[in-house]
Amino acid sequence: MSLKIQVRTGKALEASAEVLAVVLPAFQLVKKKGKEALPAPLDEIDAAVDGALLALVKKEEFSAKKDQVLAFSPHGRLGFDRVLLCGTGDAALDTAAARTLAAKIARSAQGEKAKSLAIALPDSLLSELRPLAEGIELGAYRFTKYFTGDKAPKTALAAVSFVTGAKVSADARRAVELGAQIGAAVNVARDLSNEPPNVIYPESLADAAVAMAKANGLKATVLDFKEIKKRGMGLLQAVGQGSERKPCLVHLAYTPKNAKKRYVFVGKGVTFDTGGISIKPAAGMQEMKHDMSGAANIVGFMQAIAALKPDVEVHGIMPCAENMPDGTAYRPGDVWTSYEGKTVEIVNTDAEGRLILADAMTYAQKLEPDFLIDNATLTGACVVALGTTASAWYANGDEAAKEFGAAVTTSGEQMWRMPLLEELKDQLKSEVADLKNAGDRYGGSISAALFLREFIGSIKNWVHADIAGPAMADRTFRWDPKGGTGHGVLTFLALVENATRQDRE
Ligand code: BES
Ligand code: MN
Ligand code: ZN
């Protein structure tokens, strides 16, 4: 179901919608003709309900502090079923706070089973229309396609309008349109991640990526199992060969004319991670359907890139495999030769993500990127370190770190830099091959990042993002942009947009 989001000039009370949300900076009661009264625009609402709002505001001590919400039903006195007053406090909202606010409002409207929502905005928020529109899409998101009968939702939020007293410029309309497109693109990543593993396997994930590319004017190439073997992508082959559903590698490309920079993104696409022969415990294994969230992010991200049309060349690469135990599966003790040429001793078939990423990164190297970014649900250790609302990132140098850090600040996503501690490299030493694929129990997220660094060749700027926490958390109904599947996409977009700006300077 698609959601229509628009921005209009008008008065809050004249909007027609089931739910009206009025976004308000902190306020104090004013005196009118010697009596206590509500400031504009609440005074008009109060008049329409014969002073009931003023009484409620006083009783609830509502003063529009940040995150303070006052909900009431006007019982036929206004054209809305429900009105939400949403406080923003004294300080201006930044991009991330604006996005979260809109997400919360959309979430409540969806909860009220409303199909239409009007949001009256203060002028101070007109500069944040894009994150506000993103937030609407993210907040209204749910994954309900497999519910039938009574469980199936009967309504969905279908129309949202931002209402402002100011004149609406073409830029403002464009901001809302872009925000809606970007939010919808992140939801594409979430949908793919939430799909069950009997539906999303390497080939069907590739099909989804190719369909997205076709619909959005991007180039798409798929290397099938035969091609993977022919090219010598030994690590991707090893991980994927134990499954009936054979591995593949998807390459999506956005190649505008006159681009001065090339950014390449890689995402782990393990459509189900049983652990392979080093099999995982049964409890919670179903969560490992999300182990393709990195690749899902690539699909959503590339769809957003197609909408944004930056002056930077952008590539998305998805190594896809299902990690299964089988008579044809790779085993602990195996030694495999990577696409790059280095040999890897397998000590744990559950450390499969870094293997398929290594070969994909070698493929990426051939594109000679100015910046290489990989993202993956790579380690449980990362979830232990940061919990489920934040991702980790590692950079191979100061320049990459500065640029990526700035993108994180722009997006407002919770992504924290971690150190590439050189002393942990010893954990990856093998007696029989160039490297082994897993280190010790301690420092597991770092040793995984160090393994990947072995495959960046001479690439100057590289960032590895471990999105395991957010991707596994509360996956279906996670709406807060702080976490959930799709985490990272907004930061990747900010990275490319910042690069576009630098390009023009
Ligand atoms: N997909 C998992 C990582 C993971 C675990 C993500 C839990 C989210 C929640 C990955 O393939 C894996 O199994 N990693 C192992 C590595 C270990 C064997 C060195 C891990 O983290 O335990
Ligand atoms: Mn694993
Ligand atoms: Zn995995």
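Note that the coordinates shown come from a computational prediction; the quantities given were computed from them, not determined experimentally.

Draft legend 1. Molecular detail of the coordination of the zinc ion (ligand 3). Distances from the zinc ion (ligand 3) to its protein donors, namely Lys 268 (NZ), Asp 273 (OD), Asp 291 (OD) and Glu 352 (OE), fall within the range 2.0 to 2.4 Å. For the zinc ion (ligand 3), the six donor atoms are set out with angles of 78 to 174° between them, so the coordination reads as octahedral. Between the donor residues of the zinc ion (ligand 3), the gaps in sequence give the motif K-x4-D-x17-D-x60-E. A separation of 3.2 Å is found between the zinc ion (ligand 3) and the manganese ion (ligand 2), which share Asp 273 as a coordinating residue. Placement of the pair is Asp 273 in strand 12 (residues 269-273) and Glu 352 in the loop between strand 15 (343-345) and helix 10 (353-365), with a sequence separation of 79 residues.

Draft legend 2. Up close: the pattern of salt bridges. Throughout the structure, instances matching the rule amount to 25 salt bridges. Linking Arg 130 and Glu 134 is a salt bridge whose minimum nitrogen-to-oxygen distance equals 3.2 Å. Of the two residues, Arg 130 and Glu 134 are both situated in helix 4 (residues 129-140); the distance of four residues between them amounts to about one turn of the helix. Classification of Glu 134 by relative accessible area gives buried; the value is 3%. Across the pair Lys 145 and Glu 195 runs a salt bridge whose closest N-O atoms are separated by 2.5 Å. In this pair, Lys 145 is assigned in the loop between helix 4 and strand 8 (159-164) and Glu 195 in the loop between helix 5 (170-194) and helix 6 (202-215), connecting sequence segments 50 residues apart. Taking relative accessible area as the criterion, Lys 145 reaches 54% and is therefore assigned exposed. Each of Arg 99, Arg 130, Glu 134 and Glu 497 takes part in one network of salt bridges that share partners.

Draft legend 3. Expanded view of the site of ligand 1. Inspection of the region around ligand 1 gives 16 residues, with Asp 273, Lys 280, Asp 350, Glu 352 and Gly 380 positioned closest. Between ligand 1 and the protein, one listed contact pairs an oxygen atom with a side-chain N or O atom of Lys 280 at 2.8 Å. At 2.9 Å from a nitrogen atom of ligand 1 is found a side-chain nitrogen or oxygen belonging to Asp 291. Here ligand 1 loses 79% of its free accessible area of 510 Å² to cover by the protein chains. Of the residues in the shell around ligand 1, the class split is five nonpolar, four polar and seven charged.

Draft legend 4. Up close: the coordination of the manganese ion (ligand 2). The coordination sphere of the manganese ion (ligand 2) contains the protein donors Asp 273 (OD), Asp 350 (O), Asp 350 (OD) and Glu 352 (OE), at a distance range of 2.0 to 2.2 Å. Classification of the site at the manganese ion (ligand 2) rests on its six donor atoms, whose angles at the metal span 71 to 169°, yielding the label irregular. As a motif over one chain, the donors of the manganese ion (ligand 2) read D-x76-D-x1-E.

What counts, and where the lines are drawn
- Residues numbered from 1 in each chain as written.
- Chains lettered and ligands numbered in written order.
- Predicted model: local features only at pLDDT ≥ 70, side-chain atom pairs only at ≥ 80, totals over all residues.
- Heavy atoms only, no water.
- Donors = N, O, S within 2.8 Å, 3.2 Å for Na, K, Ca; no water.
- Tetrahedral: all angles 85-135°; square planar, octahedral: opposite > 155°, others 65-115°.
- Helix = DSSP H or I, 4+ residues; strand = E, 2+ residues; numbered from the N terminus.
- Salt bridge = Lys/Arg side-chain N within 4 Å of Asp/Glu carboxyl O.
- Buried < 20%, exposed > 50% of the residue type's maximum accessible area, 1.4 Å probe, protein only.
- Near = heavy atom within 4 Å.
- Polar contact = N/O pair within 3.5 Å; in protein donor to acceptor, adjacent residues only side chain to side chain.
- Areas by Shrake-Rupley, 256 points an atom, 1.4 Å probe, with all protein chains shown as cover.
- Nonpolar A, V, L, I, M, F, W, Y, C, P; charged D, E, K, R; others polar.

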